[in-house]
Amino acid sequence: MKKSIIVATVAACVGMMSAVSFAAETGEAIFKAKCASCHPDGGNIIKPSETLKGLKDTKKITKKIRKGGGGMPAFDAKSFSDADAASVADYIVKTFKK
Ligand code: HEC
């Protein structure tokens, strides 16, 4: 009886962990952890004219992430990998359409 509860709990944890490792989920998680403080809902609390809404070019977004500037900190490869930067860019394009 007890054993089956433990097995079910472990299975649920593994299931949650694998969901987070999907690329789209990673982009969202990183965005919420590192970007949403200045860009809540794709806006921009420091420079309201520079929102993330309607951006389409993921290469430009990853470049901005890596270089920063204009009040935005740079996030280099120590913050997250190129693949993760690309999934953040993907998340922005898909989420903040307007
Ligand atoms: C400390 C606040 C801050 C944080 C944290 C921050 N940004 Fe920014 N971001 C800014 C500011 C300020 C600008 C405007 C920069 C400029 O005018 O060049 C900006 C601009 C941008 C732009 C260009 C918008 C445009 O219209 O061209 C992108 C893309 C962007 N940020 C993405 C991100 C992502 C992705 C993250 C997280 C990895 C992030 N930012 C984290 C402050 C921040």
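Please refer to the structure placed before this passage.
The present account deals with the structure reproduced in this document.

Conventions and cut-offs
- Residues numbered from 1 in each chain as written.
- Predicted model: local features only at pLDDT ≥ 70, side-chain atom pairs only at ≥ 80, totals over all residues.
- Heavy atoms only, no water.
- Donors = N, O, S within 2.8 Å, 3.2 Å for Na, K, Ca; no water.
- Tetrahedral: all angles 85-135°; square planar, octahedral: opposite > 155°, others 65-115°.
- Helix = DSSP H or I, 4+ residues; strand = E, 2+ residues; numbered from the N terminus.
- Buried < 20%, exposed > 50% of the residue type's maximum accessible area, 1.4 Å probe, protein only.
- Core = buried A, V, L, I, M, F, W, Y, C linked by side-chain atoms within 4.5 Å.
- Contact = heavy atoms within 4.5 Å.

## Details of the coordination of the iron atom of the ligand
Surrounding the iron atom of the ligand are the protein donor atoms His-39 (NE2) and Met-72 (SD), at 2.0 to 2.1 Å. Note that the iron atom of the ligand binds six donor atoms; their angles at the metal cover 82 to 180°, and the shape is octahedral. You can see His-39 sitting in the loop between helix H2 (23-35) and helix H3 (58-67) and its partner Met-72 sitting in the loop between H3 and helix H4 (82-95), a full 33 residues away along the chain. On the basis of relative accessible area, Met-72 is assigned to the partly exposed category, the value being 22%.

## Side note on the nonpolar core
Formed by 14 residues in total, the largest nonpolar core has its most connected members in Phe-31, Ile-65, Phe-80, Val-88, Ile-92 and Phe-96. Of all the secondary-structure elements, those providing two or more residues to this core are H2, H3 and H4. Top contributing element to this core by residue count: H4, with five residues. In contact with Ile-65, not counting residues within four places along its chain, are Met-72, Pro-73, Ala-74, Phe-75, Phe-80, Ala-85 and Val-88.

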